Structure formats: structure tokens, C-alpha cells
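Tertiary structure, described
Residues per chain are reported as follows:
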Protein chains: 2
Amino acid sequence: MPSKEQGWLEQRVIRIDDAEDMRLAPYRNVRERDLVGREGRFIAEGKVVLNVLLANAGFAVESLLVLENRLTGLTGQIGLCPADVPVYSVSRTVMDAIAGFPMHRGILAVGRRSAPCSASQLLDALPEKSLAVVLCGISNHDNMGSIFRNAAAFEADCLLMDETSCDPLYRKAIRVSVGAALKVPFAREGSIEDLVGKLQQAGFDIYALSPSGRETIYTAQPGARTALLLGTEGEGLPKALMQKLRTVRIPMSQAFDSLNVATASGIALSRFSRFSGV
Amino acid sequence: MPSKEQGWLEQRVIRIDDAEDMRLAPYRNVRERDLVGREGRFIAEGKVVLNVLLANAGFAVESLLVLENRLTGLTGQIGLCPADVPVYSVSRTVMDAIAGFPMHRGILAVGRRSAPCSASQLLDALPEKSLAVVLCGISNHDNMGSIFRNAAAFEADCLLMDETSCDPLYRKAIRVSVGAALKVPFAREGSIEDLVGKLQQAGFDIYALSPSGRETIYTAQPGARTALLLGTEGEGLPKALMQKLRTVRIPMSQAFDSLNVATASGIALSRFSRFSGV
């Protein structure tokens, strides 16, 4: 019944023709900056990411911004938003003017994280058999997003990262993660040494991934609670920390520069996850 | 002997102060477009990529463009260039004006590929035991570059790609590959069906990677000559082709979007390469 649906959509959606309208302020220039004064809020782009956002009770949607010609294709998503969540509809011209660049995705959302978990809270909630990913100094949003995507693909139970790592809820990281940053539970806090201490207390075998690792990912035998620790491509993990942990390497050519950290995370997670059958 | 080195550099380097100088034309606006009228030429960025370029006899350097304050750190590379290769030196202002954006890397080069190999030539030259990567419709330069990087890390012997795949010698693909696009032999030609036919004639076991693959990468037993076939993330490989080939999957969550194709290449190559010890 397209006419009924059309009527419902028209009632639900707020049409905005002025790119300067204050209601659109959170969406302004999202390419150049992230949300100012974010307070747990973030920008989610695209239908796939929106689906993840809507499916996770730990996040709320504050508003939607939809290209007018994409409205009918997004009826299901709009219907899943609580009635008090404003749904704004704009033309292509207004959309591009707001975003500050040609915005190919037809939908943006402002989301909000209820309350960040602490690493201890996350670890307390994990099952007996679990796989954690731990990041130190990952400051590139592409890498952060890719690592989340891989963590979701191999069903890692959580991600912990030190405070020098970048925010997984930055727009680009969410986009590259294909929504995994809104799916895999994470905590970002303190120093890597503190995080390692908490994991050890929780009974995790911690494997630090490094080109100079003593075991390979194919010979290592991960236990029931396994944590995979990843550092930056350039500097790697702090030497003093490495000496206290088991280290694993991805066996590869000696003649070529090491792998990208996100690719390395995928290779090691594939091997360490329950899916490899090891 | 810094003074002697300084004198040598001063003689070797051509200082240019005018961003409009015609000798810099190949470097103009490299962000927005690649080289016009390329004829096998390409832009290489950064010291690491330049080192790969200089080490490969299949490529020549046509000219170098170096930031003035990076000259002394690049003495070795400049010394490796034939004496008739012009080395231009510019200020930061001129460099950014030429490139069309803040160019963080201190060195650019125009390189040239001697003559492209055909797939048949490449295959004829391979050893009895070899690993090939075959690409169908990979049109994203980031993915292309990452796949080359992974192919180099796991010492794949060559890359073959159909003509719908993008050019690995595009500036961004070379940069993301960390130079691997200038290291791993490749051929780009014709249809994927033709490439598969040539591989079969050359005795390759072809494994098509797909989320619906019948075997997993952990149960498959690659033979002496193994080819890993990768398609796009969205459409994947042509169904008619898949039905004629062995298919393998990376075992992973059913609840999440599949992996990025470059990450998938890394996971499968790690497993299929000689380094995994399988």
C-alpha cells in the first residue's frame, strides 16, 4: 500500500530546505571535524552502520538526516527509531552544503553512547572462554575501524585500548568498521601496562604480536582466555612490556616491510578465533 | 667529510624556485589526477618506495623532486640514480604549490616501467613451486595497494588481474603498497576467464576465495602451484566461474558483514604461503 506508507512517511519526516537551519548543526562539516562538544555523541553514515546502531541497546539515535530520494528505501530504519527522534529530509544540494563535500551516502545519524564501560566492567562480564583484542597507540582512524571490523568478523568478545589510541567512535573509524565500532564492546582508558595488568588478573593469556615474536601464530596454542595485543606499525609495543609477555609473529618474508597493523590483526584473529578450528 | 658531500650534492641537484617551471609539470596536482599521457610512467612517493624503485631493474627513474631540507638524508638514493636523471630541489612552499596539497613526504619520483609483461610471459617464468594471486574487478586503489603489500609480505610470485581491475601503478596504489607494486611482477589484461584458462594450462590449482567457499583455508591443502583468486567485496566472483573452480572460505562469524578484500587476501595468503609451514 504505497499511498498509506507515503502518508506515514510525510507525517514522520521533517523537511528542511535551509542548509543553515540550526537543527542541522550537528551534521555540519563532518568531513573536516567531528562533532564539537561530543559528550559521547557520534556521526553514523550509511544504512549498514545505521542498522548496527539501531540493533544495539547501548546506543541511542538522537536524529536522522536523510536524502529526500532515499526516504522510501529507509522506511524500515525510520520505523525503528522512537517517535521522538527527529527525522530530517533534505535535497542533494542541501546535503552536500551541510556535509561540506559530496555526500554519497543517503543517510547520516547522530548517535549517543549511553555510558562508557570501564575495562574492568567489560572483563568481569566475559564468559570463561573468550578472546580479547588489546591496542596500544593505534592513532589512525582507518586502522582502528579495520581492526574493529576484523574483531567483529572473528567474534572477539571485546576491545581494550590505551588512552593514546584514537576514539573508535570517530566518524571515519565507525564507517571503516562497517558499524563494528558500535557492536563490539570496548573500553579506552589509561596506560597499556594497566590494561595488561587487568587482563592478567582476569586470567588471560596475552600474546603480543610483533615481527620479532618468539612463537608463530601457527605454533602458538591459545588458551581459553586469550588476548591479542597490537601496537603501532612504526614503534611497535614498549620493549619493557614485550619482555614480560608471550610474543607471537606472523611468519613472513624477511625481505619486505611488515604488514599493515589492521591486516595483521585480521590474520592473527583468524588463527586465534574459534573459527579456525585450532 | 660533510663539506665534500655538500659540494657533490650542490653539483648534482637542480634548484627550482618557480612552481610554474615546466620541468616540474609531471608532478603537478598529483593528488587530483595521475600523470597525464602516462605511457608506463608513474609517481612514486617517499623514501621507502623510492628504494624499491631503485632496486628493480624493470623500472627506470626519470626524475626526482626533493624537498630542500631532505636532501642530505637522501644522499644515498640520489647517488643510486644515473647521472643523467635530473634531481630537482624545491622549498616547502614550492612543493605544496606543485603537489596541490601539503605534501608531507619529502621526495617524489617519476618512474617508468620498461615494458609490461603478459600473463603468459609471467607464468612461463615461474618456478615449479609457486604462489600466484589473481584479481577480478578490484577497482579501489587502496585495496589494490594493500593486496600488493600482502603479496610481497608472503612472497607471492606474481599477481595477475583482469582489465576491469585498476592500475597498480596509480600513485595511491603504489603508496599504499609501500612499494610492493614495483616489486611483485604483475600482468593486467583481458578477462578473468582468460587468466584462469592460462593458469590451468600452467598447472595451477586455483582456489577462489568466497564467503560461500566449500572448503576452509584451514582444511584446504594447496599444491605445488597454487593460485588464490579474489573478487570484489560487493559482487564477488562470477557464479559461472566459481562453479568450475575449487572454492575456499575464511571461516568467520555469520552475524557480521564479510571482511575487506585486502584483509581477506592477507589472511588467505598467510595460510597458503610457504611461511605457514602447512
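Just so it is clear, the structure is predicted and the values come from calculations on it, not from any experiment.

Rules used in this analysis
Residues numbered from 1 in each chain as written. Chains lettered and ligands numbered in written order. Predicted model: local features only at pLDDT ≥ 70, side-chain atom pairs only at ≥ 80, totals over all residues. Heavy atoms only, no water. Core = buried A, V, L, I, M, F, W, Y, C linked by side-chain atoms within 4.5 Å. Buried < 20%, exposed > 50% of the residue type's maximum accessible area, 1.4 Å probe, protein only. Contact = heavy atoms within 4.5 Å. Axes fitted to C-alpha atoms, helices over the stretch in contact; angles between N-to-C directions. Helix = DSSP H or I, 4+ residues; strand = E, 2+ residues; numbered from the N terminus. Parallel < 35°, antiparallel > 145°, perpendicular 65-115°, else oblique. Left-handed = near helix turned anticlockwise from the far one by under 90°. Lys, Arg positive; Asp, Glu negative; His and termini not counted. Salt bridge = Lys/Arg side-chain N within 4 Å of Asp/Glu carboxyl O. Polar contact = N/O pair within 3.5 Å; in protein donor to acceptor, adjacent residues only side chain to side chain. Domains from an automatic or database assignment. Buried area = accessible area lost by both parts, 1.4 Å probe.

Among the nonpolar cores identified, the biggest contains 128 residues, and Leu64 and Leu159 of chain A together with Leu64 and Leu159 of chain B are the most heavily contacted of them. Among all residues touching Leu159 of chain B, those that are not within four sequence positions of it are Leu122, Val133, Leu135, Ile147, Phe148, Ala151, Val184, Pro185, Phe186 and Ala187 of chain B.

The next subject is the packing of helix α6 (residues 141–153) of chain A against helix α10 (residues 261–272) of chain A. Residue and element names in this part refer to chain A. Where α6 meets α10, the closest approach of the two axes is 8 Å, and the angle between their N-to-C directions is 10°. What the angle tells us is that α6 and α10 run roughly parallel. The two elements α6 and α10 cross, and the hand of that crossing is right-handed. Contacts between α6 and α10 involve Asn143, Ser146, Ile147, Asn150 and Ala151 from the former and Val261, Ala262, Ser265, Gly266 and Leu269 from the latter.

Residue and element names in this part refer to chain A. Tracing the backbone through its elements, the reader meets Arg225 in strand β11 (residues 225–230). Buried and without a salt bridge, Arg225 has Glu128 as its closest oppositely charged side chain, separated by 4.8 Å. Of the polar contacts made by the side chain of Arg225, one reaches the backbone oxygen of Leu126; its length is 3.0 Å. A distance of 2.9 Å separates a polar atom in the side chain of Arg225 from the backbone oxygen of Pro127. Residues within four places of Arg225 in sequence aside, it is in contact with Leu123, Leu126, Pro127, Glu128, Ser130, Ala202, Gly203, Phe204 and Asp205.

Residues and elements named next belong to chain A. Under the domain assignment used here, chain A contains domain 1 (2–113) and domain 2 (119–276). On a C-alpha basis, the centres of domain 1 and domain 2 stand 32 Å from each other. A buried area of about 1400 Å², summed over both sides, lies between domain 1 and domain 2, and 58% of it is on carbon and sulfur atoms. At the junction of domain 1 and domain 2, the tally comes to two salt bridges. Taking the shortest distance from any N to any O, the salt bridge between Glu45 and Arg175 comes out at 3.3 Å. Taken together, the connections running from domain 1 to domain 2 amount to four residue pairs in polar contact (both at pLDDT 80 or more). Elements supplying a minimum of two residues to the side of domain 1 that touches domain 2: β2 (41–45) and α2 (47–55).

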